[in-house]
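Examination of the molecular architecture
In case you want the letters, here they are:
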Amino acid sequence: MNDVNAFKSWLLKNYDYSENTLQSYLFTFKDFFRRYNEITSENARNYIQLLEKENRKPKTICLRTTALEKLAKYKDVKLIIKRPKIPNTLNIDNIPNENDYKILTEYLNKQNPKFSFIVKVLATTGCRVSELLKITYEDIVRGFCEIKGKGEKYRRFFFADSLKPYAFGKSGTICLNRLGKTMTTRGLASVIKDAAVKAGIKKEKIHPHAFRHFFAKMFLSKTNDIITLADLLGHGKIETTRIYLRKSYDEQKREFDNAVTW
């Protein structure tokens, strides 16, 4: 019998996945073995074809394909399958702008300074939540750190000097709750969304990962250096970073109005 719990333990030991990604991979495990007895290239290809016939979204199929690749690695099976190509998409209009960021951090400064600090770390580093949970106050005072993140890759983070005053005299990871345990992604998101709503910001625009997108847009607007941004975000391919060159509706409209004067 295929043991989903053993697969879960293997994933937790070898990868730093978010809870959503982890649950998706476990669902794929159970769904695949509900249809097939073993993981083989032929069975994997048949499974992907079934998903296509069920009219699953390309992004879903791509995620299931990655899960199958990890499952094959766990089972020590060589898997030969083609990954579906999907375009990189991003809803630019649902990224917080500089004014949203200012309103939220000022509100949190009054209500919960620690979370204002955490939002500032997210917004000035472009880190993923899984990486944020590993950052320490000592790292911030030092000005940089290296963390193993997505894809088992180490990457360097730089910290703005403006973060240091809050970090001085403190120790340990920055994302501990009142019980001294690491915050959950859901708990962190809940506090930030709740603060955004009370501060009068659309909740769809405010979640922890949104500040990675915010960092990217802000960095590009200041430097116009997509190569350095790709390195800072930990992107293996520059094509992944190009989505941040897209402009929001308001940005497009402003540029259109300025340009079309004939």
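Here's what I pulled together on the structure shown here. (Residues numbered from 1 in each chain as written. Predicted model: local features only at pLDDT ≥ 70, side-chain atom pairs only at ≥ 80, totals over all residues. Heavy atoms only, no water.)

What about the overall build of the protein chain?
The line we're drawing: Secondary structure elements are taken from DSSP: a helix is a run of H or I of four residues or more, a strand is a run of E of two residues or more, and numbering for both begins at the N terminus. Exposure classes here rest on a 1.4 Å probe applied to the protein chains alone. A residue is buried below 20% of its type maximum, exposed above 50%, and partly exposed in between. By definition, residues are in contact when any of their heavy atoms lie within 4.5 Å. Method for areas: the Shrake-Rupley scheme with a 1.4 Å probe, in which residue coverage is limited to the protein chains shown.
Regarding its fold elements, the protein chain presents 14 helices and two strands. Out of the 262 residues in the protein chain, the part that is buried amounts to 40%. If you take every contact in the protein chain between residues at least 6 apart in sequence, the share linking residues at least 24 apart comes to 59%. Per element, the accessible surface of the protein chain, about 15800 Å² overall, is 50% carbon and sulfur.

As for the packing of helix H5 (residues 98–111) against helix H11 (residues 210–223)
Where we set the bar: Angles shown run from 0 to 180 degrees and are taken between the N-to-C directions of axes, each axis being a line fitted to C-alpha atoms and, for helices, limited to the stretch in contact. Any angle that is under 35 degrees is reported as roughly parallel, and any over 145 degrees as roughly antiparallel; angles of 65 to 115 degrees are reported as roughly perpendicular and all others as oblique. Whether a crossing is left-handed or right-handed is set by the direction in which the near helix is turned from the far one by less than a right angle, anticlockwise for left-handed and clockwise for right-handed. Under the scheme applied, nonpolar residues are Ala, Val, Leu, Ile, Met, Phe, Trp, Tyr, Cys and Pro; charged residues are Asp, Glu, Lys and Arg; polar residues are all the others, including Gly.
Contact geometry for H5 and H11: axes closest at 11 Å, N-to-C directions at 130°. The angle between H5 and H11 falls in the class oblique. Along this stretch, H5 crosses H11, giving a crossing that reads as left-handed. Contact residues: Glu98, Tyr101 and Leu104 in H5; Phe211, Phe214 and Met218 in H11. By residue class, the composition of the contact of H5 with H11 is five nonpolar, no polar and one charged.

Topic: the side chain of serine 41
Topologically, serine 41 is positioned in helix H3 (residues 41–53). What makes serine 41 buried here is its relative accessible area of 15%. Setting aside residues up to four positions removed in sequence, serine 41 forms contacts with Lys78, Leu79, Ile80 and Ile81.

Focus on helix H6 (residues 113–125)
To keep it simple, the criterion reads: Here the expected span of a helix is defined as 1.5 Å times the quantity of residues minus one.
Over its 13 residues, H6 runs 18 Å from end to end, which matches the ideal 18 Å to within 8%, given 1.5 Å per residue. Among the residues making up H6, those that are buried are Phe115, Ser116, Phe117, Ile118, Val119, Val121, Leu122, Ala123 and Thr125. Phi turns positive, to about 75°, at glycine 126, one or two residues after H6.

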